Amino acid sequence: MLQIKNLGLILDGKLIINDLDLHVAKGEIHAVLGVNGTGKTTLAHLIMGINYLPDAGKIMFEGKDITRYPISQRAKMGITLAWQEPARFEGLSIREYLELANELKVEEIEDCLWTVGLSPSQFLNRAVDTSLSGGERRRVELASVLAMKPKLAILDEVDSGIDVVSLPHIINGIVKMKSLGSSVLLITHNEDAVEIANKASVLCAGKILKTGSPKEMCQWFRQNCQVCNHINVPD
């Protein structure tokens, strides 16, 4: 479904994305695992068409070269991004926020909330604002992605900085997304989240170092990346 070939990006004279290759199959959860500062969010933005255009390489989606497509066109094709820092829509209720994603029946909206562990009776009429905890806000964001029913969901650190209560609900939402037919690119540094992936890749210095099973990649990441004293200068 998604094929990235020899992708490169230079910012302020520094190579941020370095000859990166990545393939995500249809109906697959593919995790990209990396410590902070290795280019994970920049990769998400390039795929979605936000902020940058690559200096080299191609981004192919369902056989089409979308490297230069604007974000609106990519969204129409079925690509969506859940932000590392969720956008806030002050004044909107959670019901209204989820209705922005698609024309859904009330039962479908409620099902999206139940999937991420939020009771509709308690949350549908809550405002999307700072009264929500960080974990609740992330779960609402994931519910909105579920409501969109995307072909490809790019989840940028949706599991980062949340409480232990919220994490299982986040993971449940991602698994549900796959069951509904979405492909998922899960960008994370959390090994617990990687376990639900079909395949995992390790990213450092803007380059995919290895790709394999989640178990193998988590072990390699633990032994090499988490103890590394020279981040972004891989051996």
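Refer to the structure above for everything that follows.
The residue count restarts for each chain, going from 1 along the sequence in the order it is written. Local features are withheld for residues below a pLDDT of 70 in this predicted model, meaning they are given only at 70 or higher, and side-chain atom pairs are given and counted only at 80 or more; totals for whole chains, interfaces and linings count all residues. Only hydrogens and water are set aside; all other atoms, that is, all heavy atoms of the structure, feed into the side-chain values.

Some details on the pairing of strand β8 (residues 183–188)
Most of β8 is tucked away, with six of its six residues classed as buried. Residues S183, L185 and I187 point to one face of β8 and V184, L186 and T188 to the other, with burial holding for every one of them. Both strand β3 (residues 29–33) and β8 contribute to a ladder of five bridges, which runs parallel. Bridge pairing in β8 links I29 to V184. A simple rule labels every residue: compare its accessible area, found with a 1.4 Å probe on the protein chains alone, to the largest value its type can have, and call it buried under 20%, exposed over 50%, or partly exposed in between. Helix and strand assignments come from DSSP, with helices taken as H or I runs of at least 4 residues and strands as E runs of at least 2, each series counted from the N terminus. Pairs of strands are assigned from DSSP output, requiring at least two bridges between the strands.

Some points on the sheet that holds strand β9 (residues 199–204)
A sheet is described by the order of its strands in space; here six strands give the open sequence β6-β7-β8-β3-β9-β10, paired in mixed fashion. This sheet does not close on itself; its edge strands, each paired only once, are β6 (79–82) and β10 (207–212). Shown here is a sheet whose adjacent strand axes are inclined to one another by a mean of 20 degrees, direction ignored. The pairing of β3 with β9 spans four bridges and is parallel. The partner of V32 across the bridge, within β9, is S201. Residues count as neighbours in contact if any of their non-hydrogen atoms are within 4.5 Å of one another. Here the axes come from fitting lines to C-alpha atoms, over the contacting stretch only for helices, and the angles between their N-to-C directions go from 0 to 180 degrees. The strands touched by helix α9 (residues 214–224) within the sheet are β3, β9 and β10, with β10 carrying the most contacts at an inclination of about 135 degrees.

Concerning α9
Residues of α9 that are buried: P214, M217, C218 and F221. The buried residues of α9 occupy an angular sector of 100 degrees when the element is viewed end-on, so they sit on one face. For α9, the exposed residues set more than 90 degrees away from the buried face come down to K215 and Q223. Buried residues in α9 make contact with β3, α8 (191–194), β9 and β10. This arc is taken over the directions from the axis of the helix to the C-beta atoms.

Details of the pattern of salt bridges
The term salt bridge refers to a side-chain nitrogen of Lys or Arg lying within 4 Å of a carboxyl oxygen of Asp or Glu. In the structure shown here, the tally under the stated rule is nine salt bridges. Between D19 and K207 there is a salt bridge, and its shortest N-O distance comes to 3.7 Å. Note that D19 is positioned in strand β2 (residues 14–24) and K207 in strand β10, a separation of 188 residues in sequence. By relative accessible area, which is 36% here, D19 ends up partly exposed. Measuring nitrogen to oxygen at the nearest pair gives 3.5 Å for the salt bridge that ties K149 to E108. You can see K149 sitting in the loop between α6 (134–148) and β7 (152–156) and its partner E108 sitting in helix α4 (residues 106–115), a full 41 residues away along the chain. E108 gets classed as partly exposed once you look at its relative accessible area, which sits at 29%.

What about the state of the cysteines?
To count as a disulfide, a pair of cysteine sulfur atoms needs to be within 2.5 Å. One pass over the structure, following the stated rule, counts zero disulfides. In this structure C225 is not part of a disulfide, and its nearest cysteine sulfur, from C204, lies 5.9 Å away.

Keep in mind that these numbers describe shape and distance, not what the molecule does.
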